[in-house]
Amino acid sequence: MNYAFATLFYFAAIVLVAGVAARLWRWGQVPAPLKIPTTPAPTTSGGVALRLARELVFFESLFRANLWLWACGWIFHVGLALVGLRHLRYFTDPVWGLVAWMQPLGILGGLLMVAGLAGLWLRRWAVQRIRYISTPSDHLMLALLLLIAASGLAMKFVFHTDVLAVKRFFIGLMHFQVLPLPADGPLVVHLSLVAALMLIFPFSKLMHAPGLFFSPTRNQPDDPRERRHQAAWAARLDVTKG
Amino acid sequence: MADPTAVPTPPAPAPKPAAAKPVAPALREFGEIPALQPGSMAGSKPYVANEKIQEAIGFPGALVEDWHDRAIGKMGELLGKYRSLQVFMDACVHCGACTDKCHYFLGSGDPKNMPVARQELMRSVYRRHFTLAGKLFPKLVGAQDLTRELLDDWFNYYHQCSECRRCSVFCPYGIDTAEITMAGREILDSIGYGQKYGNEIIGKVHRIGNNLGLPGPALEDTLLGLEEDVKEDTGADVKYPLDVQGAEVLLVTPSADFFAEPHVESLIGYGKVFHAAGISWTLSSKASEAGNFGMFIGNYEQLRKIALRIREAALELGVKRIVVGECGHAWRVAYSFWNTLVGIGAGGKDPFAIELQRQLDPRYKQPMHICELTWDLIQQGRLKFDKEKNDHRIITFHDSCNVARASRMGDAPGGQFEIPRAIIRAVANHYVEMAPGTTHEKTFCCGGGGGLLTDELMDLRIKGALPRMEALRQVVDQQGVNFMATICAICKAQFSKVLPYYGHKMQLVGGVHQLVSTAIRLD
Ligand code: SF4
Ligand code: SF4
């Protein structure tokens, strides 16, 4: 089993990194031939950085759109960020000061994740409009995340796992050594689902995270009169007068 | 006066079943979102362009035999040319934030008019052909083949989007359904399944110089007539010049301004502003149209070709400034795209752009909106007004989508909201705002933008106007508003048509420069 998980995680990590890189490469390759920021938009790149930061941290547009949705989504993502930070302790030795200090917050994060996800899923069922646009994969994705969070919390509160062994296993992987992993049910479930998440990430809507930064309606400064903006394929049309 | 929407229509292709006269939906309680009514707008579609119209602008005359493969091929091409399309196809999380933001959905309840569902019509095909998940597990991720039925849905529902970008304001990733609608129409055109109204107009712009097919001599007559009217009204010799070599300003305005009500009142106003400020100006018979329907069909080549007329006219006439009249999408194209397309603006490096930059006066923004020009003059104290002449009006302002969400005026973000309002306040005493969720960048489309201003879509247009009509009703009932000013030719034409369905007089709508025209002192 140790080897199975080691292989799985190496594979998942490669797919995740390569898949995301390929998608970002593709997005970077495709030009944005016209200036299409949704106005009122900042006129400078500094302003654009601020706009993107507000979107990233506060989900500004979503806040304007729908408070319930914003609350569920934001709570979930904040929870996810806390949980992510907490999990750094499995990959760092010695554990960074901040990570050690925020460990209890990580637990709170797990609970926030569950609450946010439950809210999002409820919305998918309860609101007719959202039910209409939901695909099976939308539901499965929520189920997957919910199970990951639940199995993680279960290890904390119900069936304790030897987390030091887990840590040794992952640190080992980072040094290309396969060390034993505790054979606990919840842990196996938890890790398998995380690997599954890593595997589907680059091929799914989970790519929305980097998508924000490539979205021309959000990442362009509003300065078309002052600066000419032209894609290479469009500039080729310039050689003729008409 | 003639109906601005009247593109002469040949007899309808097939005898239509006696359609019931469209009626306006009931106004809702504020903020109420309609229950889904699947299929309620499935029958709403514009006339298909015939062979002559299509071929005149380089598209196949009728649906080609291998349409499926060519559509997929075109989609692949566009995915490689437009980052917006590529990212928007990938990034949507089906969160639903946009689902209640589209005026066509709010007015019709048809779920396919929810922006994300409109996108899904294309995204499902994208997934099927361009993603691993869609190739392997189509059902799971909502991928589907492009069937004839789905293609018809594209035609119908990509012509139930006014490309107003309201949905994009609220989407957490800024996904702009307008970009997808444009791509959809571009694909449809490329396989010979075009829309009659828009494509016929594009043909006319190339053939005659403007959307309404008004030839040069007729234009000249109209302008002379205007001069006489204004002389009679005011006693002043206000000129409406055409093709004047060496004028300071080239004014490019929507052709509806030349003869449709209430549009022409604004044209009269522009002339008075130039007259009062002593600025020499001219219209051009070659560029007698600010509108650019190339944008509506998402076709870059058409967009560019139509914009080129402006550059050519400016170079030929030797003008120092290019100013754009009251037209929403034209201002988007002028402000956001002209520099990119043909180098009207700063920074172009091709020979014609360089020549133009040498000719144009760098002290002014190029191109400039007529409201920017008027507001600058007001601030310099070069225009005087008798504000009380507008006292019979209680005025509100309708932000037009393309101005509000796709362009700017002045130096700071949001100038497109402030400047027209500042002008109104400078020329009139009674000004009222509509409800905040319905103005500025959250403004609701008039319901007729994006190439939908055609009679066969009347039912859609009435339904799409619903959210604006609700906000208007509020200020009419509570504050006695009797004039809704706007700076878009399509808004003016659409509201003139639709207002009566909601129990208002069509004269309720008019231009900002119509108000300027009423109050300006000419001596
Ligand atoms: S762009 Fe406007 S018309 Fe089109 S889907 Fe979005 S809100 Fe509706
Ligand atoms: S708001 Fe954006 S991400 Fe959410 S469903 Fe609409 S298009 Fe998709």
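Residues numbered from 1 in each chain as written. Chains lettered and ligands numbered in written order. Predicted model: local features only at pLDDT ≥ 70, side-chain atom pairs only at ≥ 80, totals over all residues. Heavy atoms only, no water.

- Going by the annotation in an unreviewed UniProt entry, the name recorded for chain B is 4Fe-4S ferredoxin, with Sphaerotilus microaerophilus given as the source organism.

- Going by an unreviewed UniProt entry, chain A carries the name Hdr menaquinol oxidoreductase cytochrome b subunit and comes from Sphaerotilus microaerophilus.
- Among the UniProt annotations of chain A, the heading Subcellular location (unreviewed entry) holds the following wording: "Cell membrane". (UniProt positions renumbered as here; feature names shortened; annotations may be inferred.)

## Comments concerning the packing of helix 8 (residues 136-157) of chain A against helix 10 (residues 185-200) of chain A
All names here are of chain A.
Now for step 1: The interhelical angle for the contact between helix 8 and helix 10, taken along N-to-C directions, is 145 degrees, at an axis separation of 9 Å. In terms of crossing hand, the pair formed by helix 8 and helix 10 is left-handed. Contacts between helix 8 and helix 10 involve Met141, Leu144, Leu145, Leu147, Ile148, Ser151, Gly152 and Met155 from the former and Pro186, Leu187, Val189, His190, Leu193, Val194, Leu197 and Ile200 from the latter.
Now for step 2: Classifying every residue of the contact of helix 8 with helix 10 by side-chain character gives 13 nonpolar, 3 polar and no charged. (Axes fitted to C-alpha atoms, helices over the stretch in contact; angles between N-to-C directions. Helix = DSSP H or I, 4+ residues; strand = E, 2+ residues; numbered from the N terminus. Left-handed = near helix turned anticlockwise from the far one by under 90°. Contact = heavy atoms within 4.5 Å. Nonpolar A, V, L, I, M, F, W, Y, C, P; charged D, E, K, R; others polar.)

## What about the UniProt feature "transmembrane region" (unreviewed entry) in chain A?
Residues and elements named next belong to chain A.
Now for step 1: Those residues carrying the UniProt feature "transmembrane region" (unreviewed entry) are residues 6-25, 67-88, 100-122, 142-159 and 179-201 in this numbering.
Now for step 2: Taken end to end, residues 67-88 is 95% helix and 0% strand, and its two terminal C-alpha atoms sit 31 Å from one another.
Now for step 3: With 89% helix and 0% strand, residues 142-159 has its two end C-alpha atoms placed 24 Å apart.

## Focus on the packing of aromatic side chains
Now for step 1: Using the criterion set out here, one finds 18 aromatic pairs over all chains in the structure.
Now for step 2: Arranged with centres 5.3 Å apart and planes meeting at 85 degrees, the rings of Phe9(A) and Phe170(A) form a pair that is edge-to-face. Remark: Phe170(A) occurs in helix 9 (residues 163-174) and Phe9(A) occurs in helix 1 (residues 2-29); sequence separation between them is 161 residues.
Now for step 3: Residue class for Phe9(A) comes out buried when judged on its relative accessible area of 8%.
Now for step 4: Since its relative accessible area comes to 9%, Phe170(A) is described here as buried.
Now for step 5: Relative to Phe170(A), the ring of Phe169(A) has its centre 5.2 Å away and its plane inclined at 85 degrees; by these criteria the two rings are edge-to-face.
Now for step 6: Taking the relative accessible area as the measure of exposure, Phe169(A) reaches 0% and is therefore buried.
Now for step 7: Counting every residue linked through ring pairs, the aromatic cluster contains Phe5(A), Phe9(A), Phe91(A), Phe169(A) and Phe170(A).
Now for step 8: Over the face of the ring belonging to Phe444(B) we find Arg166(B), whose NZ or CZ atom lies 3.7 Å from the ring centre. (Phe/Tyr/Trp six-rings, centres within 6.5 Å; stacked < 30°, edge-to-face > 60°. Buried < 20%, exposed > 50% of the residue type's maximum accessible area, 1.4 Å probe, protein only. Lys NZ or Arg CZ within 6 Å of the ring centre and 35° of its normal.)

## Looking at a nonpolar patch on the surface
Now for step 1: A cluster of nonpolar side chains, contributed by Leu140(A), Phe203(A), Leu132(B), Leu136(B), Phe137(B) and Leu140(B), occupies part of the molecular surface with about 580 Å² of accessible area.
Now for step 2: Structurally, the position occupied by Leu136(B) is in helix 6 (residues 132-136). (Patch = residues over 30% accessible without salt bridge, like charges linked within 9 Å, V, L, I, M, F, W, Y side chains within 5 Å. Areas by Shrake-Rupley, 256 points an atom, 1.4 Å probe, with all protein chains shown as cover. Salt bridge = Lys/Arg side-chain N within 4 Å of Asp/Glu carboxyl O.)

## Notes on helix 22 (residues 489-498) of chain B
Residues and elements named next belong to chain B.
Now for step 1: Among the 10 residues that make up helix 22, 9 are buried, leaving the element largely enclosed by the rest of the structure.
Now for step 2: The set of residues buried in helix 22 consists of Ala489, Ile490, Cys491, Lys492, Ala493, Gln494, Phe495, Ser496 and Val498.
Now for step 3: Contacts from the buried residues of helix 22 go to helix 13 (263-277), helix 15 (328-342), helix 20 (458-464), helix 21 (466-479), strand 7 (483-486) and strand 8 (509-511).

## Comments concerning the site of ligand 2
Now for step 1: Close to ligand 2 lie 13 residues; Cys92(B), Cys95(B), Gly96(B), Cys98(B) and Cys171(B) are nearest.
Now for step 2: Split into classes, the residues belonging to the shell around ligand 2 amount to 10 nonpolar, 3 polar and no charged. (Near = heavy atom within 4 Å.)

## Comments concerning the interface of chain B and chain A
You'll often see interface size given as the accessible area lost when the parts meet.
Now for step 1: Taken together, the 91 residues of chain B in the interface contact 62 residues of chain A.
Now for step 2: With both chains or domains summed, chain B and chain A bury close to 6,100 Å², and 59% of this area falls on carbon and sulfur atoms.
Now for step 3: The three residues of chain B that bury the most area against chain A are Arg83(B), His94(B) and Thr340(B), which together make up 11% of that side's buried surface.
Now for step 4: Between Asp90(B) and Arg23(A) there is a salt bridge whose closest N-O contact spans 2.7 Å.
Now for step 5: For the pair chain B and chain A, the interface holds 45 residue pairs in polar contact (both at pLDDT 80 or more).
Now for step 6: Top element by residues in the side of chain B that touches chain A is helix 15 of chain B. It accounts for 9 residues. (Buried area = accessible area lost by both parts, 1.4 Å probe. Polar contact = N/O pair within 3.5 Å; in protein donor to acceptor, adjacent residues only side chain to side chain.)

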